[in-house]
2 protein chains.
Amino acid sequence: MCAESKDRVYPVPSIRRLPLYLSFLRQLREQKVEVVSSTRIAEELGLTGIQVRKDLAMTGIVGRPKIGHSINELVSHIECFLGWDKSRPAFLVGVGHLGTALLGYKGFKQENLDIVASFDSDPEKIGKTILGRPTYPVSEFSQKAKEMNVQCAILTVPAQFAQATADMMVEAGIVGIWNFAPVQLFVPDSVIVENVSLSSSYAVLSQRLTQI
Amino acid sequence: MCAESKDRVYPVPSIRRLPLYLSFLRQLREQKVEVVSSTRIAEELGLTGIQVRKDLAMTGIVGRPKIGHSINELVSHIECFLGWDKSRPAFLVGVGHLGTALLGYKGFKQENLDIVASFDSDPEKIGKTILGRPTYPVSEFSQKAKEMNVQCAILTVPAQFAQATADMMVEAGIVGIWNFAPVQLFVPDSVIVENVSLSSSYAVLSQRLTQI
């Protein structure tokens, strides 16, 4: 069903906006609304109509001027495009404050991201079930990744251990790393890294606050 | 000391890279290194020399070809540019898993971000000290903001309460909001919002994984 091409690189800002659309569309659906125009989406989300039409077209949705889009159709196209129509198992490495927060984050359910196990090097944590997930020693990562057929990992270890952890993940066959450590990871080209840098985000806010 | 102009809008990607530089420079300083070239910084961080020189120039640092930069000078220029040379008090609203993770996040110390109090509407949390900070009822936000002269707030409430919480923050005189809720906030132009969207970040990773 997805119109996505394997070779095409889609614009990151557009991809980043899709979850906002989904959240708005789901709200409408709860209110029993069945059809919505790109103009209405644009207004509600503070975007331009052109942006919205381009973003939606990227997912393979065909525009229907004056009629509007079926909300169910929009939702399934976007979910399919993002790979959120199927459950994706993932491991989490580093069960500190941030790792625990991610284990408890309810938003992942809607994204079909399923953190199936976590890993830590702290003997106090190993063997415990934290927020419903078993905690294994980091040394068992590779074996468990094969057993459970996991290809996606969340990295929430302190900065100084981040590269070594990423190397270990790559060795274990992980192809997608969601990196929360404030470092630039070096990985083979075939591995996808997406960084969430709290420092970088706060830097933007803080710098702009100095200009007030 | 900062060379920053009040009216200039600096490029966001450059600002986002500055914490990476800082982290690398601090590592070098620990190793008693005193001078570094932009070429070396570029190599270590996987960037181009031109990018690094442009980013550093933005902070008002004057290049010294062949000699390299004093690390102490670089660190203080970057910290000053980002407003990390002075402590910034902030409030956090929404002491759920993510809010608690941020209260416990040690990285903020280096950024001089000081979360001085948190707010929640849950009677079970109000009055408690969570990770060293008092938890007040949301109804006291405005009064406490005035008393403690706080102008920056971290928003970690569930999506459906995010806009109302932002409105309340703006009313209380907050001028900078660090938003972790997965919604687009509408605020007056004078208020700065920086979004950390886990959904948007995971969308980028997940979409690219569908193409493998």
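Chemist: It is not clear to me how the overall build of chain A should be interpreted in this structure. Could you clarify?
Modeler: Of regular secondary structure, chain A possesses 8 helices and 9 strands. Referenced to the eigenvectors of the C-alpha coordinate spread, the extents of chain A come out at roughly 60 × 50 × 35 Å. Within chain A, the proportion of its 212 residues that are buried is 50%. Summarising the internal contacts of chain A: among those between residues at least 6 apart in sequence, 56% fall at separations of at least 24.

Chemist: Looking at this structure, how should I read the sheet that holds strand β6 (residues 133-137) of chain A?
Modeler: Strands in a sheet are paired, the pairing made by backbone hydrogen bonds, and the direction either parallel or antiparallel. Residue and element names in this part refer to chain A. Overall, mixed pairing links the 7 strands, which are arranged β5-β6-β4-β3-β7-β8-β9 in an open sheet. Looking at which strands have only one partner, the edges of the open sheet turn out to be β5 (129-130) and β9 (192-195). Contacts between helix α6 (residues 141-148) and the sheet are confined to β3 (88-93), β4 (113-120), β6 and β7 (152-155), with β3 contributing the most and set at about 170° to the helix.

Chemist: Please explain the relation of the copies chain A and chain B as it appears in this structure.
Modeler: Copy one and copy two of the chain differ by a rotation about an axis and a translation along that axis. Turning chain A through 180° and shifting it by 0.0 Å along the axis lays it on chain B, with an RMSD of 0.0 Å. Viewed as a symmetry operation, the transformation between the two copies matches a two-fold axis. By C-alpha distance to the rotation axis, the residue of chain A lying nearest is Ala101(A), at 2.9 Å. When the interface residues of chain A are mapped onto chain B, 100% of them are again interface residues, pointing to one common binding face.

Chemist: Would you explain the nonpolar core in this entry?
Modeler: One recurring pattern in soluble globular proteins: nonpolar side chains tend to sit buried together. Core analysis: the largest hydrophobic core is formed by 96 residues, its most contacted members being Ile41(A), Trp178(A), Ile41(B) and Trp178(B). For Trp178(A), the residues in contact, after removing those within four places along its chain, are Phe108(A), Leu113(A), Ala153(A), Ile154(A), Leu155(A), Glu194(A), Val196(A), Leu198(B), Ser201(B), Tyr202(B) and Leu205(B).

Chemist: How do you make sense of the pattern of salt bridges when you look at a structure like this?
Modeler: For side chains bearing opposite charge, pairing can occur when the charged atoms are close. Residues and elements named next belong to chain B. For the structure on display, the rule yields 10 salt bridges over all chains. The closest approach of N and O atoms between Glu-44 and Arg-40, which form a salt bridge, is 3.6 Å. With Glu-44 and Arg-40 both in helix α2 (residues 38-45) and 4 residues apart, the pair spans about one turn of that helix. Exposure remark for Arg-40: the relative accessible area of 34% places this residue in the partly exposed category.

Chemist: Quick question: what am I supposed to make of the interface of chain A and chain B here?
Modeler: Quoted interface sizes are often the accessible area lost when the parts come together. Contact with chain A, which involves 59 residues of that partner, is made by 59 residues of chain B. Our count for the chain A to chain B interface comes out at 0 salt bridges. The interface formed by chain A and chain B holds 18 residue pairs in polar contact (both at pLDDT 80 or more) in total. Contributing elements (two or more residues each) for the side of chain A that touches chain B: α1 (12-30), α2 (38-45), α4 (71-82), α5 (97-103), β8 (176-179), β9 and α8 (198-210) of chain A. By residue number, the principal contributor to the side of chain A that touches chain B is α8(A), which donates 13 residues. Split into classes, the residues belonging to the side of chain A that touches chain B amount to 32 nonpolar, 17 polar and 10 charged.

Chemist: Can you walk me through helix α7 (residues 159-171) of chain A in this structure?
Modeler: Each full turn of the α-helix corresponds to 3.6 residues, which orients residues three or four apart in the same direction. All names here are of chain A. End to end, α7 covers 19 Å across 13 residues, agreeing with the expected 18 Å (1.5 Å per residue, within 8%). Of all the positions in α7, only Ala-162, Thr-165, Ala-166 and Met-169 are classed as buried. Next to the buried residues of α7 lie β3, α6, β7 and β8.

Chemist: Sorry, what's going on with unusual backbone geometry here?
Modeler: With glycine set apart, most residues show a phi of negative sign, and most peptide bonds adopt trans. Of note, the phi angle at Asn149(A) is positive, near 55°, even though the residue is not glycine. In this fold, Asn149(A) is placed in the loop between α6 and β7. When its relative accessible area of 58% is taken as the criterion, Asn149(A) is described as exposed. Phi angles above zero are rare outside glycine, and Leu131(B) is one such case at about 50°. In this structure, Leu131(B) sits in the loop between β5 (129-130) and β6 (133-137). Relative accessible area serves as the criterion here: at 37%, Leu131(B) is assigned to the partly exposed category.

Chemist: Is there a simple way to explain the sheet that holds strand β8 (residues 176-179) of chain B in this structure?
Modeler: All names here are of chain B. Here we have 7 strands laid out as an open sheet, ordered β5-β6-β4-β3-β7-β8-β9, and mixed in their pairing. Edge positions in the open sheet fall to β5 and β9 (192-195), since each of these has one partner strand only. The pairing of β5 with β6 spans 2 bridges and is classified as antiparallel. Among the inter-strand pairings, Ile-130 is bridged to a residue of β6, identified as Arg-133. Contacting β3 (88-93), β4 (113-120), β6 and β7 (152-155), helix α6 (residues 141-148) runs over the sheet at an angle of about 170° to β3.

Chemist: Would you explain the packing of aromatic side chains in this entry?
Modeler: Scanning the model with the defined rule gives 20 aromatic pairs over all chains in all. Between the aromatic rings of Trp84(A) and Tyr202(B), the centroid separation amounts to 6.0 Å while the plane-to-plane angle is 10°, which identifies the pairing as stacked. Separated into two different chains, Trp84(A) in the loop between α4 and β3 and Tyr202(B) in helix α8 (residues 198-210) make up a pair that spans both. Of the two residues, Trp84(A) and Tyr202(B), neither departs from the other in class, the shared state being buried.

Chemist: Whenever I open this one, α6(A) confuses me. Can you help?
Modeler: All names here are of chain A. Within the span of α6, buried status applies to Phe-141, Lys-144 and Ala-145. Looking straight down α6, one finds its buried side chains confined to an arc of 105°; they lie on one side. Across α6 from its buried face, at more than 90 degrees, point the exposed residues Lys-146 and Glu-147. Check the buried side of α6 and you find it contacts β3, β4, β6, β7 and α7. Following α6 by one or two positions, Asn-149 adopts a phi angle in the positive range, close to 55°.

Chemist: So what exactly am I meant to see when it comes to the pairing of β7(B) here?
Modeler: If a strand is regular, its side chains alternate between the two faces of the sheet. Residue and element names in this part refer to chain B. Taking every second residue as pointing to the same face, both faces of β7 are buried, with Cys-152 and Ile-154 on one and Ala-153 and Leu-155 on the other. As defined by bridge partners, β3 adjoins β7 across 4 bridges and the pair is classed as parallel. Its bridge partner lying in β7, Leu-92 is registered against Ile-154. Note that β7 and β8 share 4 bridges and pair parallel. Within β8, the position partnered with Cys-152 by the bridge is Gly-176. Regarding topology, helix α7 (residues 159-171) serves as the crossover connection from β7 to the parallel β8, and that connection is right-handed.

About the cut-offs
Residues numbered from 1 in each chain as written. Chains lettered and ligands numbered in written order. Predicted model: local features only at pLDDT ≥ 70, side-chain atom pairs only at ≥ 80, totals over all residues. Heavy atoms only, no water. Helix = DSSP H or I, 4+ residues; strand = E, 2+ residues; numbered from the N terminus. Buried < 20%, exposed > 50% of the residue type's maximum accessible area, 1.4 Å probe, protein only. Contact = heavy atoms within 4.5 Å. Pairing = 2+ DSSP bridges. Axes fitted to C-alpha atoms, helices over the stretch in contact; angles between N-to-C directions. Least-squares fit on C-alpha atoms with pLDDT ≥ 70 in both. Core = buried A, V, L, I, M, F, W, Y, C linked by side-chain atoms within 4.5 Å. Salt bridge = Lys/Arg side-chain N within 4 Å of Asp/Glu carboxyl O. Polar contact = N/O pair within 3.5 Å; in protein donor to acceptor, adjacent residues only side chain to side chain. Nonpolar A, V, L, I, M, F, W, Y, C, P; charged D, E, K, R; others polar. Expected span 1.5 Å × (residues − 1). Phe/Tyr/Trp six-rings, centres within 6.5 Å; stacked < 30°, edge-to-face > 60°. Arc of directions from axis to C-beta. Right-handed = clockwise from strand over helix to strand, strands pointing away.

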